[in-house]
Amino acid sequence: MIESPIHAKINGETLNALPQDLYIPPDALEVYLETFEGPLDLLLYLIRKHNLDILDIPMAQLTVQYMGYVEKMKVIKLELAADYLLMSAMLIEIKSRMLLPKPTEVAEEDDPRAELVRRLMEYEAIKLAAQRLDAMPMVGAEIQVASAYFQHISQVKPPEVGLDDLLEAWKNVLKRAKLNQHHQLGRAELSVREHMSQILRRLSAEKMVEFSALFDLDDAGIPKLVVHFLAILELAKEGLVRITQQAAFSPIYLQLQTGEPE
Amino acid sequence: MREPDNIQEMKQVLEAALLTAGMPLSLDDLLRLFAGKMERTTLRMLLDELKQDWADQTLDLVQVATGYRFQAKAQYSEFIARLNPERQPKYSRAVMETLAIIAYRQPVTRGDIEQIRGVAVNPNVIRQLQEREWIDVVGQREVPGRPSLYATTKYFLDDLNLRSLAELPPFEEFTQSEIPLSE
């Protein structure tokens, strides 16, 4: 850590210590967060930025700085903070273990920082490997694969056809044609809705109409009659007409539905 | 059917096939060109000669993981790239780091990747790599939950112009040498 006295004025205020490099305006933190790939990445940044020895990390210093970040993070992007909080716990644990009085004989592996150092170094190696992979020439970018055009011709020989085969086929077609009859299917532009309106108009004029009188058998073709019938069913369904019959096989009458159903 | 009866013609058959295949051709693929009337050793020799023949031409005959292919020599790359001004979007750091972990530490589970990177793996990252056909699932680790084990594919090697994983930059290049922890 640099301790030398500094005399500088910023916004009229005398600065007698190096500005904490770690200070990030809250507005900018979100941008910073995007650039870190996680707590290990952030720790590495802090270590490298301050030229700390990764193998002899000053835990107190690092933990304070790290926690500063995480506090800001919690305010801005809570969902991101979980992984970072886990690391805080680890840092604090290491720090407290280092404060404990040590037995006289301390094996190297017992350094509480060992696991963190191992993970930091492994992550750093992967980070560098990723950068290297990214820089390698790749197909689709720096490498262009040759692909000369070639019309792949099917090697399957088409079957040979003689005049007799053709005649035979034609006869078969004729034979089958006799079995088949053509039906002309036209699209009838008949609207059930339109017929519903017609019926309603007629019922409002004539009050009560006998069912069969609704069908004009001379003028209409079958499609029209069907649509007309569908229209009656539709009207009944929608509760717009009442259909009544006194007894079985007696005439059926239609009238407009008026007021409350009985 | 007629068979090529001299070296020159055999090489021409190989060349035409490799140029039009649109993907790398393996030795087995190339042997099929000669209807079983070709020795593997002869084929290798012919491929070596073909490579030499193209040495001062515009294309390189290279061997990648899935076979042989012709590709433009590197010095033409920047010109050819101008034909497609829309550069391929770069993968995010998360994607590249995940790829590096799978490449160097395979087969790995999602948990392994999270352990190394210290953050949860975004399923989108794995999906992007699978869609590119650079990684696939090679099995399950026999632990509770049977997590999928991911590995890189041959297409990943093809796209990086490599024949095998051994041709990746050695991982030691990226690790600092161990220094004992001081008191």
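Residues numbered from 1 in each chain as written. Chains lettered and ligands numbered in written order. Predicted model: local features only at pLDDT ≥ 70, side-chain atom pairs only at ≥ 80, totals over all residues.

## Here we look at the pairing of strand E4 (residues 241-245) of chain A
All names here are of chain A. Selection criterion: The rule for pairing is simple: two strands pair if DSSP sees at least two bridges between them. We count a stretch as a helix when DSSP gives it H or I for four or more residues in a row; a strand needs E for two or more, and each element gets its number in order from the N terminus.
Direction of pairing for E4 relative to strand E5 (residues 252-256): antiparallel, over a ladder of 5 bridges. In the strand pairing of E5, Val241 is matched with Leu256. Linking E4 to E5, which pair antiparallel, is a turn of 6 residues; within it Phe249 sits at a positive phi near 70°.

## Things to note about the pairing of strand E1 (residues 59-64) of chain B
Residue and element names in this part refer to chain B. When E1 meets strand E2 (residues 67-72), the two strands line up antiparallel, connected through 6 bridges. Across the sheet, the residue bridging to Asp60 is Gln71, located in E2. What sits between E1 and E2 in their antiparallel hairpin is a turn of 2 residues.

## As for the confidence of the model for chain B
Residue and element names in this part refer to chain B. As a reminder of what qualifies: Confidence of the predictor at the level of single residues is captured by pLDDT, which takes values from 0 to 100. Any pair of residues counts as being in contact when their C-beta atoms, constructed from backbone geometry, are within 7 Å of one another.
Here chain B averages 89 in pLDDT, and 95% of its residues register 70 or above. Counting contacts from residues 178-183, a segment whose pLDDT is below 50, to residues more than four positions away or on other chains yields 9 contacts. Per the prediction output, this complex has pTM 0.63; the corresponding ipTM is 0.80.

## Some points on the interface of chain A and chain B
You'll often see interface size given as the accessible area lost when the parts meet. Filter applied, for reference: Here the term charged refers only to Asp, Glu, Lys and Arg, the term nonpolar to Ala, Val, Leu, Ile, Met, Phe, Trp, Tyr, Cys and Pro, and the term polar to all other amino acids, Gly among them.
Opposite the 38 residues of chain A that make contact, chain B presents 38 residues. Elements with a minimum of two residues in the side of chain A that touches chain B: helix H2 (39-49), helix H4 (78-99) and helix H5 (114-135) of chain A. Ranked by residues supplied to the side of chain A that touches chain B, first place goes to H5(A) with 13 residues. Considering only residue class, the side of chain A that touches chain B consists of 23 nonpolar, 4 polar and 11 charged.

## Regarding the packing of H2(A) against H5(A)
Residues and elements named next belong to chain A. Let me state the cut-off plainly: Helix axes use the C-alpha atoms of the stretch in contact, all axes being lines fitted to C-alpha atoms, and the angles between their N-to-C directions lie in the range 0 to 180 degrees. Any angle between 65 and 115 degrees counts as roughly perpendicular, while under 35 counts as roughly parallel, over 145 as roughly antiparallel, and the rest as oblique.
The geometry of H2 relative to H5 is characterised by a closest axis approach of 10 Å and an angle of 95° between their N-to-C directions. Comparing the axis directions of H2 and H5 gives the class roughly perpendicular. Residues Leu40, Leu43 and Leu44 of H2 lie in contact with H5, whose contacting residues are Arg119, Leu120, Tyr123 and Glu124. Counted by class, the contact of H2 with H5 contains 5 nonpolar, no polar and 2 charged residues.

## Some thoughts on the environment of Leu43(B)
All names here are of chain B. Keep this limit in mind: Three exposure classes are used, all based on how many other C-beta atoms lie within 10 Å of a residue's own C-beta (placed from the backbone): buried at 20 or more, exposed at 12 or fewer, and partly exposed between those limits.
Note on placement: Leu43 falls in helix H3 (residues 40-53). Residue Leu43 is classed as partly exposed on the basis of its C-beta count, with 18 C-beta atoms lying within 10 Å. If we ignore the near neighbours within four places in the chain, the residues touching Leu43 are Leu27, Leu30, Leu31 and Met38.

## Remarks on the environment of Ser197(A)
Note that Ser197(A) resides in helix H7 (residues 192-206). C-alpha separation for the pair Ser197(A) and Leu235(A), spaced 38 residues apart in sequence, amounts to 9.3 Å.

## Structural notes on unusual backbone geometry
All names here are of chain B. Between Gln106 and the following residue, Pro107, the backbone shows a cis peptide bond with an omega angle of -5°. Of note, Pro107 is situated in the loop between helix H5 (93-105) and helix H6 (110-117). Even without being a glycine, Arg146 presents a positive backbone phi close to 35°. Among the secondary structure elements, Arg146 is positioned in the loop between strand E3 (135-140) and strand E4 (148-152). In this structure, Asn161 is a non-glycine residue whose phi angle is positive, near 65°. Within the secondary structure layout, Asn161 lies in the segment after helix H8 (154-159).

## Here we look at the packing of H5(B) against helix H7 (residues 123-131) of chain B
Residue and element names in this part refer to chain B. The condition that has to hold: Crossing handedness follows the turn of the near helix against the far one: under a right angle anticlockwise gives a left-handed crossing, and clockwise gives a right-handed one.
Contact geometry of H5 with H7 gives a least axis separation of 10 Å together with a crossing angle of 70°. By the angle class used here, H5 and H7 are roughly perpendicular. Considering only the axes of H5 and H7, their crossing is right-handed. Residues Ala94, Val95, Thr98 and Leu99 of H5 form the contact with H7, whose own contacting residues are Val125, Gln128 and Leu129.

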